[in-house]
Amino acid sequence: MSYGRKYRLKFMCRRFVVLCISARLVWTFVLAERAFFVYTSFMETLIFVGQIFIVIICILVMIVGLMYQWSLFATRAPFVEIPKEILGDIVKAMDVKPGSIVYDLGSGDGRVLAACYRKESDAKYIGIDKAIVPHVYAKFRLRKILGSNFKLLHKNFFRHDLSDATHIYVYLFPGLLKSLLPKLQKELKPGTRVVSCDFEFPDIKPVEVVDLNRPKGKRGRKLYVYLIKQLKK
Ligand SMILES: C[S@@+](CC[C@H](N)C(=O)[O-])C[C@H]1O[C@@H](n2cnc3c(N)ncnc32)[C@H](O)[C@@H]1O
C-alpha cells in the first residue's frame, strides 16, 4: 500500500474516531441538558405547587379563624370545652339509663355525649350547637359513632323541641341559662334530669351539687343536678 493511501486511511480512521467521540459528547450534552431541563422544571413545578398549597392552607386557616371569631360574637356562650378529667364525674351525674334520650345543649366538640355513649350505648344522644367550627370538628372526631342513636345538629337549641328529653346536659353561662329556663320549664316532662356544669340556673335550687374538688380558677369545679319537677314553676 502506498504511503498516500495509508495516510488517507489513517486520516479517515482518525476522523471517524473523532466524529464518534464528538457525536457521543454531543449526545451526552443533549442528555445532560435534557435532564437538567427536566430537573429544573420539576423543581419549579414543585415550588409552584408548594406555594399554592401554602396559600390554600393560609386561606383555610383564615376562614376557620374568622368563623371561630364570629361564633364568639354570635353566641352568649362561646365554645370552651370541659376538661377531660371530669368527664367521668359528668357521666356519673347524668346517670343515663338504657332507652334514655340525652341532649347536650351547646355540644361543642361532643365530648360529653361521647363519654356518656361509651358508658351507655343503648340510649339516644343528640348534641346541638349553632357554631359551625365546633360542630364540624365534632362531626369529624365522632364520625365512627354518628348514626341514628347519636346525632349532632347544627342549629340554635332555642329552635329545637326538647319534649322527648329524659336527660339534658349544659355548660352555658348564667345569662343563657336564665333565657333557657322558661323553655325547659315549658317543654320538659316530669322526671327529666338536667345537669349544669359550673353555673346554676337562677331562682331554683338543685337537688344535688357535686363538688369536683378542683383548684380555684379551673373549669369544671361543680355540677348542679336538677329534676324537672323542680324546674316547673
Ligand atoms: C361552653 S361551650 C360547651 C361545650 C360542651 N358542651 C362541653 O361541655 O365541652 C358552649 C357551646 O354552646 C354553644 N351555644 C351557645 N348558644 C347556643 C345556642 N343558642 N344554640 C346552640 N348552641 C349554642 C356554643 O357555640 C358553644 O359551642
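The preceding data block contains the structure.
About the cut-offs
- Note that residues are indexed from 1 along each chain, following the sequence as it is written.
- Under the rules for a predicted model, residues below a pLDDT of 70 receive no local features and side-chain atom pairs below 80 are neither given nor counted, while totals for whole chains, interfaces and linings still include all residues.
- Strands are runs of DSSP state E lasting at least 2 residues, helices are runs of H or I lasting at least 4, and numbering of each runs from the N terminus.
- Here a residue counts as buried when 20 or more other C-beta atoms fall within 10 Å of its C-beta, as exposed when 12 or fewer do, and as partly exposed in between; the C-beta atoms come from the backbone.
- It is the C-beta atoms, placed from the backbone, that decide contacts: two residues are in contact if theirs lie within 7 Å.
- Should the C-beta atom of a residue, placed from the backbone, lie within 6 Å of a molecule or strand, that residue is near it.
- Each residue gets one of three labels, nonpolar for Ala, Val, Leu, Ile, Met, Phe, Trp, Tyr, Cys and Pro, charged for Asp, Glu, Lys and Arg, and polar for the others, Gly among them.
- The angle between two axes is taken between their N-to-C directions and runs from 0 to 180 degrees, where each axis is a line fitted to C-alpha atoms and a helix contributes only its stretch in contact.
- The cut-offs work like this: below 35 degrees is roughly parallel, past 145 is roughly antiparallel, 65 to 115 is roughly perpendicular, and the gaps in between are oblique.
- Take the far helix as your reference; a near helix turned counterclockwise from it by less than a right angle gives a left-handed crossing, and one turned clockwise gives a right-handed crossing.
- Two strands form a pair only when DSSP identifies at least two bridges running between them.
- Here is how to tell: hold the view so the strands point away, follow the path from the first strand over the helix to the second, and if it runs clockwise the crossover is right-handed.
- The directions considered for the arc are those from the helix axis to the C-beta atoms.
- Put simply, a nonpolar core is buried Ala, Val, Leu, Ile, Met, Phe, Trp, Tyr and Cys residues tied into one set by C-beta atoms within 7 Å.

Undergrad: What is the right way to look at the overall build of the protein chain in this model?
TA: A count of helical and extended segments in the protein chain gives six helices and seven strands. Secondary structure elements of the protein chain occur, N-terminal to C-terminal, as α-α-β-α-β-α-β-β-α-β-β-β-α. Here the protein chain, with 233 residues, has 26% of them falling under the buried criterion. For the protein chain, the share of sequence-separated contacts (at least 6 apart) that also reach a separation of at least 24 residues comes to 67%.

Undergrad: Hey, could you run me through the site of the ligand in this one?
TA: Near the ligand you find 25 residues, and of these Phe79, Gly106, Gly108, Ala131 and Tyr171 are the closest. Every element with two or more residues in the shell around the ligand is listed here: helix 3 (111–119) and strand 2 (124–129). Counted by class, the shell around the ligand contains 14 nonpolar, six polar and five charged residues.

Undergrad: Explain the packing of helix 2 (residues 87–94) against helix 3 here, please?
TA: Pairs of packed helices are described in terms of their axes, by the angle between the two and the distance that separates them. Interhelical geometry of helix 2 versus helix 3 gives an angle of 65° and a closest axis separation of 9 Å. Taken together, the axis directions place helix 2 and helix 3 in an arrangement best described as roughly perpendicular. Two packed elements cross with a definite hand, and for helix 2 against helix 3 that hand is right-handed. In contact with Leu87, Ile90, Val91 and Met94 of helix 2, helix 3 contributes Arg111, Val112, Ala115, Cys116 and Lys119. The class makeup of the residues in the contact of helix 2 with helix 3 is seven nonpolar, no polar and two charged.

Undergrad: So what exactly am I meant to see when it comes to the pairing of strand 3 (residues 150–154) here?
TA: For a regular strand, side chains alternate in direction, first toward one face of the sheet and then toward the other. Sheet topology note: the strand 2/strand 3 ladder contains five bridges and is parallel. Paired with Tyr125 across the two strands is Phe150, which belongs to strand 3. For the crossover that starts at strand 2, traverses helix 4 (residues 132–141) and ends in the parallel strand 3, the hand is right-handed.

Undergrad: Looking at this model, I keep getting lost on helix 2. Mind explaining?
TA: An α-helical segment advances 3.6 residues per turn. Residues three or four places apart therefore align on the same side. For helix 2, the complete set of buried residues consists of Asp89, Ile90, Ala93 and Met94. Mapping the buried residues of helix 2 onto a view down its axis gives an arc of 135°, with all of them on the same face. Here the buried face of helix 2 lies against strand 1 (101–105), helix 3, strand 4 (167–170), strand 5 (193–197), strand 6 (208–211) and strand 7 (222–227).

Undergrad: Help me understand unusual backbone geometry, please; the structure alone is not making it clear to me.
TA: Negative phi is the rule for most residues except glycine; trans is the rule for most peptide bonds. Even without glycine at this site, Asp95 takes up a positive phi of about 55°. Summarising the element assignment, Asp95 is placed in the loop between helix 2 and strand 1. You can call Asp95 partly exposed: it has 14 C-beta atoms within 10 Å. One non-glycine residue, Asn213, lies in the positive phi region at around 50°.

Undergrad: I keep staring at the pairing of strand 2 and nothing clicks. Help me out?
TA: Where burial is concerned, most of strand 2 is hidden: five out of the six residues are buried. As judged from the five bridges shared by strand 1 and strand 2, these two strands associate in the parallel manner. Looking at the pairing, Ile101 lines up with Lys124 of strand 2.

Undergrad: In this structure, what is going on with the nonpolar core? I would like to understand it.
TA: Within soluble globular proteins, side chains that are nonpolar tend to cluster in buried spots. Ile90, Met94, Val102, Tyr103, Cys116 and Tyr125 are the most contacted members of the largest nonpolar core, which has 41 residues in total. Broken down by element, the residue count for this core peaks at five residues, all from helix 3. Residues in contact with Tyr125, not counting those within four places in the same chain, are Val102, Leu113, Cys116, Tyr117, Asn149 and Phe150.

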